[in-house]
Amino acid sequence: SSSSSSSSRQAAAASQSGTHTSSHSSNNPQSILAHNILAKLDDMTMTELEVQMSQFGMKKGGVGYMRSKLRSVCVGMLEESQNQPASKAVTKRMQKLQDTEQAVRDVLISDDALYEKVILYDPVDATVILQQLKSLGVKCSKKILTKVLDDEGISMHGNWRN
């Protein structure tokens, strides 16, 4: 077919010149999300940037800082979706977040008193969870713990001054 040979010629030309074609090489949700964020990144308002940062579990900051961090994450997502190795820093950050989320879930399930509160929709004491994570050698910030609990729909309370 003429269109497939045209596409392969474009890909070959792009490969030789070291550039990428503008077509999406992967239509998976991760790739589409990354492309959508990158397309709008420079026009996003402070609020939109903060929402995106929150969705990736990253701290908010100035507009330039947030654009830089989001750009880095999106590029990592695109590299990963194209089966190219993502930067080690992005991969390590994503794995650390997943490990921390799992550790929080494990603490909630393994502690009968906490688990009972979760299933009865009673607020859990976040400081207790942080202490248990620390005793297990898991580093978890208050912000990440809050995000994980919010994502799981678990209400909480806690004295953050300690």
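Residues numbered from 1 in each chain as written. Predicted model: local features only at pLDDT ≥ 70, side-chain atom pairs only at ≥ 80, totals over all residues. Heavy atoms only, no water.

Considering the overall build of the protein
As a reminder of what qualifies: Helix and strand assignments follow DSSP, with helices taken as H or I runs no shorter than four residues and strands as E runs no shorter than two, numbered in order from the N terminus. In this analysis, two residues are considered to be in contact whenever any of their non-hydrogen atoms come within 4.5 Å of each other. Here the accessible surface of atoms and residues is derived via Shrake-Rupley with a 1.4 Å probe, and residues count as covered only by protein chains that are part of the display.
For the protein, the count of helices and strands is 8 helices and 2 strands. Listing every helix and strand of the protein by position from the N terminus yields α-α-α-α-α-α-β-α-α-β. In the protein, once contacts between residues fewer than 6 apart in sequence are set aside, the share between residues at least 24 apart is 49%. Summed over its atoms, the accessible surface of the protein is roughly 10,600 Å², and 52% of this surface lies on carbon and sulfur atoms.

Looking at the environment of Leu 108
Rules: Think of it in three bands: with a 1.4 Å probe and only protein chains considered, a residue is buried below 20% of the maximum accessible area for its type, exposed above 50%, and partly exposed in between.
Inspection of the secondary structure puts Leu 108 in helix 5 (residues 88-110). Using a relative accessible area of 6% as the deciding quantity, one classes Leu 108 as buried. Spatially, the C-alpha atoms of Leu 108 and Val 124 are 9.2 Å apart, while their sequence positions differ by 16 residues. Aside from chain neighbours lying at most four places away, what touches Leu 108 is Leu 114, Tyr 115, Val 118, Ile 129, Leu 149 and Ile 154.

Some remarks on the nonpolar core
Applicable threshold: We define the nonpolar core as a collection of buried residues of types Ala, Val, Leu, Ile, Met, Phe, Trp, Tyr and Cys that are connected through side-chain atoms lying within 4.5 Å of one another.
If you look at the biggest cluster of nonpolar residues, it comprises 17 residues, and the most contacted ones within it are Val 104, Leu 108, Ile 129, Leu 133, Leu 145 and Leu 149. Every element with two or more residues in this core is listed here: helix 5, helix 7 (126-135) and helix 8 (142-152). Grouped together as the second largest cluster of nonpolar side chains are 13 residues, Met 44, Met 58, Leu 70 and Val 73 included.

Observations regarding a nonpolar patch on the surface
Stated precisely, the cut-off is as follows: Excluding any residue in a salt bridge, patches collect residues exceeding 30% relative accessible area, merging like charges within 9 Å and nonpolar Val, Leu, Ile, Met, Phe, Trp and Tyr side chains within 5 Å. Here a salt bridge means any side-chain nitrogen of Lys or Arg lying within 4 Å of a carboxyl oxygen belonging to Asp or Glu.
On the surface, a nonpolar cluster with roughly 400 Å² of combined accessible area is contributed by Ile 109, Tyr 115, Ile 119 and Leu 120. Secondary-structure assignment places Ile 119 in helix 6 (residues 112-119).

Structural notes on the pattern of salt bridges
Enumeration over the complete set of coordinates arrives at 3 salt bridges. Arg 71 is the salt-bridge partner of Asp 42, the closest N and O atoms lying 2.9 Å from each other. Of the two residues, Asp 42 sits in the loop between helix 2 (29-40) and helix 3 (46-55) while Arg 71 sits in helix 4 (residues 63-81), which places them 29 residues apart along the sequence. Judged by its relative accessible area of 52%, Asp 42 falls in the exposed class. For Arg 71, a relative accessible area of 34% corresponds to the partly exposed category. For Glu 152, the salt bridge is made with Arg 105, and the minimal N-O distance between the two is 3.0 Å. Here Glu 152 is found in helix 8, whereas its partner Arg 105 is found in helix 5, with 47 residues between them in sequence. On the basis of relative accessibility, which here comes to 39%, the residue Glu 152 falls in the partly exposed class.

Topic: the packing of helix 5 against helix 8
A packed helix pair is summarised by two numbers, namely the angle formed by the two axes and the spacing between the axes. For clarity, the cut-off: A fitted line through C-alpha atoms serves as each axis, taken over the contacting stretch for helices, and the angle formed by two N-to-C directions is quoted from 0 to 180°. Oblique is the label for any angle not under 35 degrees, not over 145, and not in the 65 to 115 range, which are roughly parallel, roughly antiparallel and roughly perpendicular in turn. It is the rotation of the near helix from the far one that decides the hand of a crossing: anticlockwise by less than a right angle makes it left-handed, clockwise makes it right-handed. All amino acids are sorted into three groups, where Ala, Val, Leu, Ile, Met, Phe, Trp, Tyr, Cys and Pro are nonpolar, Asp, Glu, Lys and Arg are charged, and the leftover types, Gly among them, are polar.
Across the interface, helix 5 lies against helix 8 with an axial gap of 10 Å and an inter-helix angle of 65°. As the angle between them shows, helix 5 and helix 8 are arranged roughly perpendicular. Between helix 5 and helix 8 lies a crossing of right-handed hand. Facing helix 5, whose interface residues are Leu 97, Thr 100, Glu 101, Val 104, Arg 105 and Leu 108, helix 8 presents Ile 144, Leu 145, Lys 147, Val 148, Leu 149 and Glu 152. The class makeup of the residues in the contact of helix 5 with helix 8 is 7 nonpolar, 1 polar and 4 charged.

Structural notes on helix 7
Cut-off, in case you're wondering: Think of the arc as the fan of directions from the helix axis to the C-beta atoms.
The complete set of buried residues in helix 7 reads Ala 126, Thr 127, Ile 129, Leu 130 and Leu 133. In an axial view of helix 7, the angular spread of the buried residues amounts to 160°, which keeps them on one side of the axis. What points out from helix 7, more than 90 degrees from its buried face, is the exposed set Gln 131 and Ser 135. Tucked into the core, helix 7 has its buried residues touching helix 5, helix 6, strand 1 (124-125), helix 8 and strand 2 (156-157).

Treat this as a map of the structure, not an account of what it does.
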